[in-house]
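# Descriptive structure summary
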Amino acid sequence: MSLSLNIGQFNSLFPDAESDKDGEAIKYTVEDSDYRIYNPTWQSGQPVLVVKMDHIRGGATDDHVELHITFDTSNASMVSIEGTWEAGNDGYQIPKVVIEVVDASAEILGAVGALETAGISEAAAQSAVAVFDGFCKLFNTLSELIVRMSDNGGRFYFTAVVCHTVNRLNSCVSVK
């Protein structure tokens, strides 16, 4: 005996969902939070269904869940569920490497022009670096605060999305 997943039935259990990721997932909205559920796949040669889900967070990176659901091959009942949850960060950040590259470029340009400007360009470059670094620090701090203040409960509700997905998935698995 082998197990079968009716993907059409599974997708139909998400009313108002739309196709996403070139048909590899569905996406739907609950209040003002978006969620993506990738088409479940069987783990090679095993009665284990793998399903990935995202809480799509505008202004920050997404939260991700990956479940591995093991089924009994004689009656298609769930035997076990294992999973991982990865929280997205709390806002877009200007990476340290970008800041360092801009700083180094400004310092090089200041040093190159120092002979012609009697050192004024070097001092201006140092000021520009200080202002740029300050801006980056402020941006990174504010970005995190704004995302935290604007959280609409979508992360909290993601737990319910995962539970509903498991229930819907269970109803779509059968023995062939």
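Data block above holds the structure.
What you are looking at is a predicted structure, and each value in this text was computed from that prediction instead of being measured. (Residues numbered from 1 in each chain as written. Predicted model: local features only at pLDDT ≥ 70, side-chain atom pairs only at ≥ 80, totals over all residues. Heavy atoms only, no water.)

This brings us to the overall build of the chain. Helix and strand content of the chain: four helices and nine strands. The linear arrangement of helices and strands in the chain, starting from the amino end, is β-α-β-β-β-β-β-β-β-α-α-α-β. Burial status across the chain gives 31% buried among its 176 residues. Sequence-distant contacts, at least 24 apart, represent 53% of the contacts inside the chain between residues at least 6 apart. (Helix = DSSP H or I, 4+ residues; strand = E, 2+ residues; numbered from the N terminus. Buried < 20%, exposed > 50% of the residue type's maximum accessible area, 1.4 Å probe, protein only. Contact = heavy atoms within 4.5 Å.)

On to the nonpolar core. Of all hydrophobic cores here, the largest spans 23 residues; its most connected members are Ile 37, Met 53 and Leu 67. Those elements that place two or more of their residues in this core are strand E1 (3-5), strand E3 (25-30), strand E4 (33-38), strand E6 (48-56), strand E7 (63-71) and helix H4 (154-170). If one sorts the elements of this core by residue count, H4 sits on top with five residues. Non-local contacts of Leu 67, meaning those with residues more than four positions away in its chain, are made with Leu 49, Val 50, Val 51, Met 53, Ile 81, Glu 82, Gly 83, Val 162 and Val 166. (Core = buried A, V, L, I, M, F, W, Y, C linked by side-chain atoms within 4.5 Å.)

On to the pairing of strand E8 (residues 78-86), then. Little of E8 sits inside the fold, with zero of its nine residues counted as buried. The hairpin turn running from E7 into E8, its antiparallel successor, is six residues long, and Ala 76 in that turn takes a positive phi close to 65°. (Pairing = 2+ DSSP bridges.)

Within the secondary structure, Ser 171 is located in the loop between H4 and strand E9 (173-175). Of the residues examined, Ser 171 reaches a relative accessible area of 43% and is grouped as partly exposed. Considering only alpha carbons, one finds Ser 171 and Gln 9, 162 residues apart in sequence, at a separation of 8.9 Å. Residues within four places of Ser 171 in sequence aside, it is in contact with Gln 9 and Leu 13.

Before going further, it helps to examine the packing of aromatic side chains. Within this structure, the stated rule accounts for seven aromatic pairs. Between Phe 10 and Phe 14, the ring centres sit 5.2 Å apart and the planes meet at 75°, which makes this aromatic pair edge-to-face. You'll find Phe 10 and Phe 14 in the same group, each marked buried. Ring geometry for Trp 42 and Phe 71: centres 6.0 Å apart, planes at 65°, overall edge-to-face. Placement of Trp 42 in strand E5 (residues 41-42) and of Phe 71 in strand E7 is noted, with a sequence separation of 29 residues between them. These aromatic residues form a ring-pair network of at least three members: Phe 10, Phe 14, Tyr 28, Tyr 35, Tyr 157 and Phe 158. Above the face of the Phe 14 ring, Arg 168 is positioned so that its terminal group lies 4.4 Å from the ring centre. (Phe/Tyr/Trp six-rings, centres within 6.5 Å; stacked < 30°, edge-to-face > 60°. Lys NZ or Arg CZ within 6 Å of the ring centre and 35° of its normal.)

Moving on, we come to the environment of His 64. Locating His 64 in the fold gives a position in strand E7. Overall, the relative accessible area of 30% leaves His 64 in the partly exposed class. Sequence spacing of His 64 and Lys 52 is 12 residues, and the spatial spacing of their C-alpha atoms is 7.3 Å. At 3.5 Å, the side chain of His 64 and the backbone oxygen of Asp 62 are in polar contact. (Polar contact = N/O pair within 3.5 Å; in protein donor to acceptor, adjacent residues only side chain to side chain.)

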